[in-house]
Amino acid sequence: MSDIEAGKFSIDELENVQITIGKIVGAIEKKAEEEGIEVGPTPKPGISGLRDWDYKLLSRYQPVYTPVCDQCCYCTFGKCDLTGNKEGACGINMEAHQARETLLRVITGTAAHSAHGRHILHHLIDKYGRDKPIDVGPSNLIAPNTQAVTGIRPETLGDLEEVMDYVEEQVNQLLATIHAGQEGAAIDFESKILHGGMLDHVGMEVSDLAQMSCLGMPKAETDTPLVEIGMGCIDPQKPVLVVIGHNVSGVTYIMDYIHDHDLDDKIELAGLCCTALDMTRYQAEKGGQPHAKIIGTLAKELKMIRSGVPDVIVVDEQCVRADVLDEAKKLSIPVITTNEKIMYGLPNRSNDSAAEIIEDLSTFKDPGALILNFDTLGEVAPELAIKMSKIRDDMGITALPSDEELQELSEKCVQCGACELDCPVNLPIMAAMKDGVDKDFRKFEELHDLCIGCGRCDQACPKDIPVLNMIEKASQKLISEEKGIVRAGRGQISDPEIREEGVNLVLGTTPGIIAMVGCSNYPNGTKDLYKVADEMLKRNYIVVMSGCSAMDLGMYKNEDGETLYEKYPAKFLAGNLINVGSCVSNSHITGTAIKVAAIFAQRNVTGNYEEIADYITNRIGAVGVAWGAYSQKAVAIGSGCNRLGIPVIVGPHGSKYRRALIGKPYDEAAWKVYDARDGSEMPIPSAPEFLLTTAESIEELFPMLAKNCIRPSDNSMGRMIKLTHYMELSQKYLGHMPEDWYRFVRTETDLPLAKREELLKILEAEHGWEVDWKRKKIISGPAMKADVSAQPTNVKRLCKGEC
Amino acid sequence: MVDTTKNTQIYSTYGRKMAKPVNPNVAGKMLSKAKRPLLVVGSEIVDNEQIIEKIVAMAKKGIPVAATGHSITALVNKDIGAKYINIHSLGTFLGDKNWTGLDGQGPYDTVVFLGHKKYYLDQVLSGIKNFTDLKALAIERHYMQNATLSFGNLKPEVHVEALAELVENL
Ligand code: SF4
Ligand code: SF4
Ligand code: SF4
């Protein structure tokens, strides 16, 4: 190992010469050694670094492929028909190609998050310097994902650069393997998928750590402010400035300008997607001023634009519709792009004065502008909104059809069904058109919540009927009442909170963590999220929200007029509801699991990913739900959870990710772990049954959630609680007792107390178990033994006597 | 006789091997000949009494029923021994020679689908088409291009009529 240190050196004899030494091989280990920290076996793992771990996971949870297209169109040998797992001209078969496609999807998502991280990091380093300390609140383990993966314990913004270097290098290596004529084995593509997912959580973590530290965002606070959400909370009488995207960097300049120029009450500032969530976190430390409102998710983008309400639209990156400019142009709404990832062919006005840009956009010389200079952006966006509001009022822009037009449009419909077939949710549009002829528009109104606002129906209709506008017009009353409450994202779960709750989680007495994350491609409207969270909270699960799901959850109120955010406290405790924040805050969910291993079980985190993942797999009953997952980012997030052994359920649309990881409960050999005390094999329950799968409806989801929170290390009390919920939810939502409940029973004390006798009778009569009725004890039958002090592990080297 | 072979418009996926359009009488006969058929029913049947009735009729003619999603709620009291299973898992197990089926009697040779979300089933069928030798028959209201045989896109009333004809031919 070199004795040279990283940093800047001047050489005395040579004036003005400065040598900068960056990364040195072995530097992480050396730094750690000096600080007395043990470094695990895999700091900064390369693609093959955790392959053994992946193979362990993949031997139990086998990849299941459901191709969206049976052909491969990658290269000029093809198109190749891969139907029936055939090989293409390059030799790749369907299985490997599907895995390759998923890998591409995952690293696209990872790149989106980490490029966002790099962008915001650059920006904040420019503004605050490399030495700006990272501050996440009361935690010693401030970057759990980063530390577990890279071995780096970042303390300043500058330290995060090295982390990003690693992520970017790995993503590039992974991307190269997609190229035709590289990897041929599906299983190695699978391992690469998990690698990409792991990197995603590091990239997200960097993003959020940087912005939390510099932008006054809440730091592991439980009592973050409640903010308004919904199309109905926007006051269209004021100038309306709408921002869309995921990267709040530029938006903070707009917010500062509005605040500094006393425009807070004179302008409506509202956001769509995660930028909106991060706007509500901006300077929340200082009392949450200036306020910004949340409109909602991607599903509301087109609806919001077509309402004609925005006077100016600002976009940054990710989850922004590609047609924002075209749609906005039709309604004379100028669009400002602020990030090189989305430029829409607009002229670059970054070096022009605010006055010039405002003049050109307000006279429609250009439909919009690219402004990469945030100082200029900060001034242009609000001032232009004020100006445009008047201009657009004077122009008398009406966006949606009138009642008469609604009826006329309904009459134009020839009931051909093209819209319904093309609608991703196959919504019954024809029936609404039929009633519309008689001026009954209620069916259009019913479509409003179910419609994901994609606009495909408009494109499909041979009669050019603007179906989406009709839905929106008919739902104006509903939309005006769309006002909800969201708790602003709180950031990480702190170390002290973990200390308080960790033991309950590990022992299983808190029934589990349900993390509801992701986008808005729901099969059945937004209310389903509310139903799921409500049920699980009542049952004392910890419910964690982020991103678009966190927003949509705030759209519904209970009979007392409260949203769940108002009803439930937001600590990391059983029965609490937590919004961690925007998409990049998802890293705090995996970070929490890592923290439990580190803090509660005293596991070494640094560069020790496999051991941490093994611990989480066997002990932490967490299930991720991305009910409306649509994006590449969502699949990347899911894959990162998967590598840590956290199962993820996506809604039925998620089947279009074309891959799942599903175990076979009937394959007994797959459900075994070692007991780390002596290396002996022990059978375990088939839960989690999958690492990634889909559910058809929330009714099916409920029991899946409860069952898949079961872990090998549950104690009897924990298993009893989890099993009770599994049985109850199955009975409540599927109308029957689950067939496999007995598989999770190790001893009579695992059985729900109230039903113990009844269940013992069933075990005896239907499953042939032996019961000592005097003592009400199970004598024989269970496949598993109950042993609280057992130490389940999948990693042989962690067993006593092994090395 | 209902013609269920006409409108085979698809909407998003593509492959060279597409389902052959089939009429209900042929589908019915094929099903009766199957050694080990399985009727897989999805959540879209809940609240659709007419379809539930047809499922019960098919089950009573000896076809075992797998109930996916929450479709089991509509079948628990029908005395047809329907068993709940997640469809993504089912699609996986169906391709495994070691799976002994929902009743432990061994693998299935013909799977029939009814009452599913179009886009969801299409994916499951794509897995079955590409990775198993099973015959998959879609008797849905929509053309399912990844099945072996499928009805075309039908209006709801025609669909019910077609199912009735299928049941008669069992
Ligand atoms: S990459 Fe291979 S399978 Fe794909 S089109 Fe080219 S030759 Fe065919
Ligand atoms: S905009 Fe709504 S109704 Fe139209 S295709 Fe998309 S989801 Fe269906
Ligand atoms: S595509 Fe157009 S014409 Fe055809 S049913 Fe839909 S709205 Fe009517």
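Presented here is an overview of the structure given in this document. (Residues numbered from 1 in each chain as written. Chains lettered and ligands numbered in written order. Predicted model: local features only at pLDDT ≥ 70, side-chain atom pairs only at ≥ 80, totals over all residues. Heavy atoms only, no water.)

**Description of the site of ligand 1**
Our working rule: If a single non-hydrogen atom of a residue is within 4 Å of a molecule or strand, that residue counts as near it. The residue classification treats Ala, Val, Leu, Ile, Met, Phe, Trp, Tyr, Cys and Pro as nonpolar and Asp, Glu, Lys and Arg as charged. All others, Gly included, are polar.
Neighbouring residues of ligand 1: A:Cys72, A:Tyr74, A:Cys75, A:Phe77, A:Gly78, A:Cys80, A:Gly88, A:Ala89, A:Cys90, A:Ile92, A:Arg100 and A:Ala180. Looking at the shell around ligand 1 residue by residue, the class counts come to nine nonpolar, two polar and one charged.

**Some remarks on the interface of chain B and chain A**
Stated precisely, the cut-off is as follows: Contacts are assigned to residue pairs that have any heavy atoms within 4.5 Å of one another. Throughout, buried area stands for the accessible area (probe radius 1.4 Å) lost by two parts on being put together, summed over both. When a carboxyl oxygen of Asp or Glu is within 4 Å of a side-chain nitrogen of Lys or Arg, the pair counts as a salt bridge.
Tallying the contact residues gives 42 residues for chain B and 47 residues for chain A. Where chain B abuts chain A, roughly 3,800 Å² becomes buried across the two surfaces, and 57% of that area is made up of carbon and sulfur atoms. Taken together, the links from chain B to chain A amount to two salt bridges. With its nearest N and O atoms 3.5 Å apart, the salt bridge here joins A:Lys664 to B:Asp96.

**Structural notes on a nonpolar patch on the surface**
Residues and elements named next belong to chain A. Note the threshold: Two joining distances apply to patches: 9 Å for like charges and 5 Å for nonpolar side chains (Val, Leu, Ile, Met, Phe, Trp, Tyr), and every residue must have over 30% relative accessible area and no salt bridge. Accessible surface is estimated by sampling points in the Shrake-Rupley manner with a 1.4 Å probe; for residues, cover comes only from the protein chains shown. Going along the chain from the N terminus, every DSSP run of H or I of four or more residues is numbered as a helix, and every run of E of two or more is numbered as a strand. Categorising residues by exposure relies on relative accessible area from a 1.4 Å probe, with only protein chains included: less than 20% of the type maximum marks a residue as buried, more than 50% marks it as exposed, and the intermediate range marks it as partly exposed.
Where nonpolar side chains cluster on the molecular surface, the patch consists of Val503, Leu507 and Phe600 and spans about 200 Å² of accessible area. By secondary structure assignment, the location of valine 503 is in helix H20 (residues 495-507). Residue classification places valine 503 among the partly exposed residues on the basis of a relative accessible area of 30%.

**Some words on a negative patch on the surface**
Residues and elements named next belong to chain A. For the record, the criterion: Within this scheme the basic residues Lys and Arg register as positive and the acidic residues Asp and Glu register as negative, but His and the chain ends are omitted. The atoms used to mark charge sites are NZ of Lys, CZ of Arg, CG of Asp and CD of Glu.
Together, Asp403, Glu404, Glu405, Glu408 and Glu411 give the surface a local cluster of negative charge. Topologically, glutamate 404 is positioned in helix H13 (residues 403-412). The exposure class of glutamate 404 is exposed, given its relative accessible area of 52%.

**Focus on the pattern of salt bridges**
Residue and element names in this part refer to chain A. For the coordinates displayed, the defined rule picks out 58 salt bridges over all chains. Residues glutamate 183 and lysine 192 are paired through a salt bridge, measuring 2.3 Å at the closest nitrogen-oxygen approach. When its relative accessible area of 23% is taken as the criterion, glutamate 183 is described as partly exposed. A cluster of three or more residues bridged by salt bridges with shared partners is formed by Arg349, Asp352, Asp360, Lys365 and Asp366.

**Things to note about the site of ligand 2**
Residues and elements named next belong to chain A. Inspection of the region around ligand 2 gives 13 residues, with Cys423, Cys451, Cys454, Gly455 and Cys457 positioned closest. If you list the elements that add at least two residues to the shell around ligand 2, you get helix H17 (456-460) and helix H18 (467-474). Split by residue class, the shell around ligand 2 holds ten nonpolar, two polar and one charged.

**Quick notes on the nonpolar core**
All names here are of chain A. Definition in use: Working definition of a nonpolar core: buried Ala, Val, Leu, Ile, Met, Phe, Trp, Tyr and Cys residues. They are joined through side-chain atoms within 4.5 Å.
Core analysis: the biggest nonpolar cluster contains 128 residues, and Val314 and Ile336 have the highest contact counts within it. Among residues more than four places away in sequence, those in contact with valine 314 are Leu241, Val242, Val243, Ile244, Ile254, Ile336, Thr338, Leu377 and Ala381. Counting 91 residues, the second-largest nonpolar core is a separate cluster that includes Val64, Leu529, Met551 and Cys709.

**Side note on helix H3 (residues 87-94) of chain B**
All names here are of chain B. This is how the line gets drawn: N or O atoms within 3.5 Å of each other form a polar contact, as long as, within protein, one can give a hydrogen and the other can take it, and as long as residues adjacent in sequence are counted only when both atoms are side-chain atoms.
Summarising burial for H3: eight of the eight residues are buried, a large majority. Residues of H3 that are buried: Ile87, His88, Ser89, Leu90, Gly91, Thr92, Phe93 and Leu94. Sitting at the amino-terminal end of H3 is asparagine 86, which places a side-chain oxygen 2.8 Å from the backbone nitrogen of histidine 88.

**Observations regarding the packing of helix H2 (residues 49-60) of chain B against helix H5 (residues 156-168) of chain B**
Residue and element names in this part refer to chain B. Test applied: For helices, the axis comes from a line fit to the C-alpha atoms of the stretch in contact; other axes are also lines fit to C-alpha atoms, and the angle between any two N-to-C directions lies between 0 and 180 degrees. These descriptions rest on fixed angle ranges, namely under 35 degrees for roughly parallel, over 145 for roughly antiparallel, 65 to 115 for roughly perpendicular, and the rest for oblique. Note: crossing handedness is left-handed where the near helix turns anticlockwise from the far helix by less than a right angle, and right-handed where it turns clockwise.
In contact at an axis separation of 10 Å, H2 and H5 are set at 10° when each is read in the N-to-C sense. When the axis of H2 is compared with that of H5, the two are roughly parallel. Crossing of H2 over H5 shows left-handed handedness. Where H2 abuts H5, its residues Gln50, Ile51, Lys54, Ala57 and Met58 lie against His159, Val160, Leu163, Ala164, Leu166 and Val167. Among the residues forming the contact of H2 with H5, the class breakdown is eight nonpolar, two polar and one charged.

**Side note on the sheet that holds strand E20 (residues 672-675) of chain A**
All names here are of chain A. To keep things clear, this is the line we draw: Pairing between strands requires that DSSP locate at least two bridges from one strand to the other.
Here we have three strands laid out as an open sheet, ordered E21-E20-E25, and antiparallel in their pairing. The open sheet has two edge strands with one neighbour each: strand E21 (680-683) and strand E25 (792-793). In the sheet, E20 pairs with E25 via two bridges, with the strands oriented antiparallel. Within the sheet, the bridge partner assigned to aspartate 675 lies in E25 and is proline 792.

**Quick notes on helix H2 (residues 51-60) of chain A**
Put simply, the rule is: Directions pointing from the helix axis toward each C-beta atom define the arc.
Of the positions making up H2(A), those classed as buried are A:Trp53, A:Asp54, A:Leu57, A:Leu58 and A:Arg60. The arc that holds every buried residue of H2(A), seen down its axis, measures 160°, which confines them to one face.

**Examining the sheet that holds strand E6 (residues 135-138) of chain B**
The sheet built from seven strands is open, its strands ordered E1-E7-E6-E5-E2-E3-E4 (chain B) with parallel pairing. Strand pairing shows two members of the sheet lacking a second neighbour, strand E1 (20-21) and strand E4 (83-84) of chain B, which therefore form its edges.

**Remarks on the packing of aromatic side chains**
The criterion, for reference: Ring pairs shown here join Phe, Tyr and Trp side chains whose ring centres sit within 6.5 Å, with only the six-membered ring taken for Trp; geometry is labelled stacked below 30 degrees between planes, edge-to-face above 60, and tilted in between. We count a charge as sitting over a ring when the NZ of a lysine or the CZ of an arginine lies within 6 Å of the ring centre and within 35 degrees of the ring normal.
According to the stated counting rule, one finds eleven aromatic pairs over all chains in the structure shown. Arranged with centres 6.3 Å apart and planes meeting at 50°, the rings of A:Tyr65 and B:Phe131 form a pair that is tilted. Separated into two different chains, A:Tyr65 in strand E3 (residues 62-65) and B:Phe131 in helix H4 (residues 118-131) make up a pair that spans both. With a centroid separation of 5.8 Å and an interplanar angle of 55°, the aromatic rings of B:Trp99 and B:Tyr108 are classed as tilted. The pair B:Trp99 / B:Tyr108 is uniform in exposure class, with both members buried. A connected cluster of aromatic rings, assembled from ring pairs, spans A:Tyr666, B:Phe93, B:Trp99 and B:Tyr108. Across the ring face of A:Tyr74, the terminal group of A:Arg100 is positioned such that the distance to the ring centre comes to 4.1 Å.

**Overview of the packing of helix H6 (residues 186-214) of chain A against helix H24 (residues 586-600) of chain A**
Residues and elements named next belong to chain A. Two elements in contact, H6 and H24, have axes whose closest approach is 8 Å; the angle formed by their N-to-C orientations is 110°. Judged by the inter-axis angle, H6 sits roughly perpendicular to H24. Along the contact surface, H6 presents His201, Met204, Glu205, Asp208 and Met212, while H24 presents Asn586, Ser587, His588 and Thr590. Classifying every residue of the contact of H6 with H24 by side-chain character gives two nonpolar, five polar and two charged.

Interpretation note: all reported values are geometric properties and have no functional meaning in isolation.
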